[in-house]
Amino acid sequence: MKAVLQRVAEARVVIAGETVGQIAQGLLVLVCAERGDSEMQADKLLAKILKLRIFSDEAGKMNRSVQDLDGEGINGSKGGLLIVSQFT
């Protein structure tokens, strides 16, 4: 199982002109699940993603995770995850 992450101010997925998912500030995660990948591997990957300290704190240092973005999104929402399955 592989994932590519991008920090975003906002992101959305549009299919045939219809928005099917969107977030304010957070992480866009492109996930590639391969044959033989397990739910346990997916859970471990999610745990790692949630702990990544890749957002700036008040001092400008990258010291906050997506879970630490309380009240910074649309209408005071927390940081979001937009997870998109990638098929090749």
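Residues numbered from 1 in each chain as written. Predicted model: local features only at pLDDT ≥ 70, side-chain atom pairs only at ≥ 80, totals over all residues. Heavy atoms only, no water.

Comments concerning the overall build of the protein
- The secondary structure content of the protein amounts to one helix and seven strands.
- Helices (α) and strands (β) of the protein occur, in sequence order from the N terminus, as β-β-β-β-α-β-β-β.
- For the protein, with 88 residues in total, the buried portion stands at 25%.
- Pairs at least 24 residues apart make up 51% of the contacts formed inside the protein by residues separated by at least 6 positions.
- Approximately 6,400 Å² of the protein is accessible, and the part contributed by carbon and sulfur atoms is 51%. (Helix = DSSP H or I, 4+ residues; strand = E, 2+ residues; numbered from the N terminus. Buried < 20%, exposed > 50% of the residue type's maximum accessible area, 1.4 Å probe, protein only. Contact = heavy atoms within 4.5 Å. Areas by Shrake-Rupley, 256 points an atom, 1.4 Å probe, with all protein chains shown as cover.)

Here's the deal with the confidence of the model for the protein
- When pLDDT is averaged along the protein, the result is 88; 89% of the residues meet or exceed 70.
- Within the protein, no element has a lower average pLDDT than strand β5 (residues 55-56), which sits at 90, and none a higher one than helix α1 (residues 39-51), at 95. (pLDDT = per-residue confidence, 0-100.)

Describing the pattern of salt bridges
- On inspection of all chains with the given rule, the structure shows two salt bridges.
- Across the salt bridge formed by K2 and E34, the nearest N and O atoms sit 3.6 Å from each other. Taken together, the residues span a long stretch of sequence, with K2 in strand β1 (residues 2-8) and E34 in the loop between β4 (26-32) and α1 at a distance of 32 residues.
- With a relative accessible area of 52%, K2 lands in the exposed category.
- Residue classification places E34 among the partly exposed residues on the basis of a relative accessible area of 39%.
- Of the charged contacts in the structure, one is a salt bridge between R53 and D68, with a shortest N-O distance of 3.0 Å. Of the two residues, R53 is situated in the loop between α1 and β5 and D68 in the loop between β6 (62-64) and β7 (80-85); the sequence distance between them amounts to 15 residues.
- By relative accessible area, R53 is classed as partly exposed at 46%.
- The partly exposed category is assigned to D68, whose relative accessible area is 32%. (Salt bridge = Lys/Arg side-chain N within 4 Å of Asp/Glu carboxyl O.)

Quick word on the sheet that holds β1
- Reading across from one edge, β1-β4-β7 is the order of the three strands in this open sheet, with mixed pairing throughout. Strand pairing shows two members of the sheet lacking a second neighbour, β1 and β7, which therefore form its edges. Averaged over neighbouring strand pairs, the angle between their axes works out to 20° when direction is ignored.
- Where β4 and β7 come together, six bridges link them in parallel fashion. For V29, the partnering residue across the bridge sits in β7 and is I83. (Pairing = 2+ DSSP bridges. Axes fitted to C-alpha atoms, helices over the stretch in contact; angles between N-to-C directions.)

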